[in-house]
Amino acid sequence: MRKRVVIVIVALLALAGVVVYNRSSDPPATQSGAGGQAYQPGGRGGPGGGVRPPMPVEFAQVERKPVADQIVLVGNLIGEATVQVVPRVNGRLQSVSVKLADPVRRGQVIARVEDSEIREQVRQAEASYQVAQASIRQREADLKLAKTNLDRSRSLYERQLLPQQTFDDMQARYEAAQAQIDLARAQFEQAKARLDELKITLSNTLIVSPVDGFVAKRFLDPGAFASTNAPVAAVVDISRVRMIANLVERDVRRVPVGTIARVEVDAFPGEQFKGHVSRVAPVFDPATRTAEMEVEIPNQAFRLKPGMYARVQLTVESRANALTVPRAALVTLDGKNGVFVAVKPDAPRPAATTSAPGQGPAMTARFLPVEVGIRDGDAIEITSGVAEGAQVITTGSGALKDADRIVAAGSSQGRERENGRAGRPAESTR
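Remember, it's a predicted structure, so these values are computed and weren't measured experimentally. (Residues numbered from 1 in each chain as written. Predicted model: local features only at pLDDT ≥ 70, side-chain atom pairs only at ≥ 80, totals over all residues. Heavy atoms only, no water.)

S.K.: What am I meant to see in the sheet that holds strand S4 (residues 91-96) here?
M.R.: Paired through backbone hydrogen bonds, the strands of a sheet run either parallel or antiparallel to each other. With antiparallel pairing, the 4 strands of this open sheet are ordered in space as S7-S6-S4-S9. Looking at the sheet topology across the chains shown, the edges are occupied by strand S7 (206-208) and strand S9 (225-226). In this structure, S4 lies alongside strand S6 (residues 109-113), joined through 3 bridges in antiparallel fashion. The residue of S6 that forms the bridge with valine 96 is alanine 111. (Pairing = 2+ DSSP bridges. Helix = DSSP H or I, 4+ residues; strand = E, 2+ residues; numbered from the N terminus.)

Written out as structure tokens, the structure is:
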């Protein structure tokens, strides 16, 4: 029993020591400042009487500069023309005279189909053609003789020296000779047409390039069987390339045909290629709600290649001498676009031509509503609300409200504010 009492007493003493230790290690709830006032971080004022110090800010001058409204799109480059070169006759390839990336001209022979059989057919057709010509000459001679006999018979018949039946026979022979020569001439035309057809077939054994360009791919080698359904090679014309991109509905009216375009590709960083919008589709894709657009880029040096991933900048509007502020200066307060300017203490509300702030005592931030025009990178056009030469707040503007106290960064108060932030005690946490 005595042993249990000792154990309980030891446990109570240990618990009491833990409580006393925790209480002695707890920091004060608040750190007192000068004059015994409680410090309240970020407060403008409160029960303790603390006031937020002026906020350090940076300024920039409202100035005039050229600005442009641009649309940036991405897409792939394609050649001016990409043609699959297909033979016009079936047969085994006798030779293929081009390889990958070879330059070719329009009409240049790139392959040949074996033509020995067709050449034999051409020789037979030429023989038939010559027979038809000889037949015409023979029929012409027969017709001439029949006409002579008919004329002689007519003379005798008119003098009643020849019976009617004999004269009729001579006239029938003449008409038959005329029919024979008509038939011979028709046969001659038939033989000529057959010969021309075979000559065309023979010429089709030469596979030629239909466009100027380069061999993009070779599909068949010599000895392979070629048919009218199997291409021998692909030829691409890259003297001019096209970029295919998609325009959203709100941008279609802003991009008419002829708009100047500047194209960039990863293969040539920092370099721009000039082109223009050549076509805009008259319909929208119902799935993407976009319209297809083509940009044509001259490519005389053949540096741009079909299949490259490209970015295009379209300048849809520009100003040569616009009033601008940095993007960091533009803020939205109560649903209105505007900028902050600085005024000295007890000064009236500033006009749009507020002068540059000094490096002296704290000032007050005032909000000026503005009308915004073109947004060009870091520069934003201001159409009304502020005048040229005004000093607007940039760094720190996003955290300001109207009538906040400010000080120029780099001034003595601004440095003290930064030092105060660095030396401010942090709240204790458990």
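S.K.: Quick question: what am I supposed to make of the pattern of salt bridges here?
M.R.: It is possible for side chains of opposite charge to pair when their charged atoms get near one another. Counted by the stated rule, this structure contains 23 salt bridges. With a closest N to O distance of 3.1 Å, glutamate 388 and arginine 64 form a salt bridge. Here arginine 64 lies in strand S3 (residues 63-85) and glutamate 388 lies in the loop between strand S19 (379-384) and strand S20 (391-393), a separation of 324 residues in the sequence. Looking at arginine 64, the relative accessible area reads 39%, which means it is partly exposed. In this structure, the salt-bridge partner of arginine 240 is glutamate 80, at a minimum N-O distance of 3.2 Å. Residue arginine 240 is located in strand S10 (residues 233-248), and its partner glutamate 80 is located in strand S3; the two are separated by 160 residues in the primary sequence. (Salt bridge = Lys/Arg side-chain N within 4 Å of Asp/Glu carboxyl O. Buried < 20%, exposed > 50% of the residue type's maximum accessible area, 1.4 Å probe, protein only.)

S.K.: Would you take a moment to explain the packing of helix H2 (residues 116-158) against helix H3 (residues 164-203) for this structure?
M.R.: When two helices pack together, their arrangement is captured by the angle between the axes and the distance separating the axes. Here H2 crosses H3 at 165°, and the two axes come no closer than 7 Å. It follows that H2 is roughly antiparallel to H3 by the angle criterion. Between H2 and H3 the crossing geometry is left-handed. For the contact of H2 with H3, the class distribution of residues is 21 nonpolar, 12 polar and 12 charged. (Axes fitted to C-alpha atoms, helices over the stretch in contact; angles between N-to-C directions. Parallel < 35°, antiparallel > 145°, perpendicular 65-115°, else oblique. Left-handed = near helix turned anticlockwise from the far one by under 90°. Nonpolar A, V, L, I, M, F, W, Y, C, P; charged D, E, K, R; others polar.)

S.K.: How should I be thinking about unusual backbone geometry in this particular structure?
M.R.: Glycine aside, residues mostly have negative phi, and peptide bonds are mostly found in the trans state. Its identity as a non-glycine residue notwithstanding, alanine 101 has a phi of 75°, on the positive side. Residue position: alanine 101 is located in the loop between S4 and strand S5 (103-104). Backbone geometry places glutamine 160, a non-glycine residue, at a positive phi of 60°. Take glutamine 160: it is sitting in the loop between H2 and H3.

S.K.: Where do I start with the environment of glycine 307 in this structure?
M.R.: Assignment of secondary structure puts glycine 307 in the loop between strand S13 (290-298) and strand S14 (309-326). Among the residues examined, glycine 307 registers a relative accessible area of 57% and is labelled exposed. When sequence neighbours within four positions are dropped, the list of residues in contact with glycine 307 reads Asn76 and Leu77. (Contact = heavy atoms within 4.5 Å.)

S.K.: Looking at this model, I keep getting lost on the packing of aromatic side chains. Mind explaining?
M.R.: Each pair of aromatic rings is reported with the distance of its centres and the angle of its planes. For the coordinates displayed, the defined rule picks out 5 aromatic pairs. Centroid distance phenylalanine 340 to phenylalanine 367: 5.5 Å. Interplanar angle 65°. Geometry classified as edge-to-face. Here phenylalanine 340 is found in strand S16 (residues 336-343), whereas its partner phenylalanine 367 is found in strand S17 (residues 363-369), with 27 residues between them in sequence. Residue classification places phenylalanine 340 among the buried residues on the basis of a relative accessible area of 1%. The ring of phenylalanine 268 is capped by arginine 303, whose NZ or CZ atom sits 4.3 Å from the centre of that ring. (Phe/Tyr/Trp six-rings, centres within 6.5 Å; stacked < 30°, edge-to-face > 60°. Lys NZ or Arg CZ within 6 Å of the ring centre and 35° of its normal.)

S.K.: I keep staring at the sheet that holds S17 and nothing clicks. Help me out?
M.R.: An order of S1-S21-S17-S16-S15 is seen for the 5 strands of this open sheet, with the pairing classed as mixed. Each having just a single partner strand, strand S1 (55-57) and strand S15 (331-333) make up the two edges of the open sheet. Neighbour-to-neighbour, the strand axes of the sheet open up by a mean angle of 55°, direction not taken into account. With 3 bridges connecting them, S1 and strand S21 (residues 405-408) associate as parallel partners.

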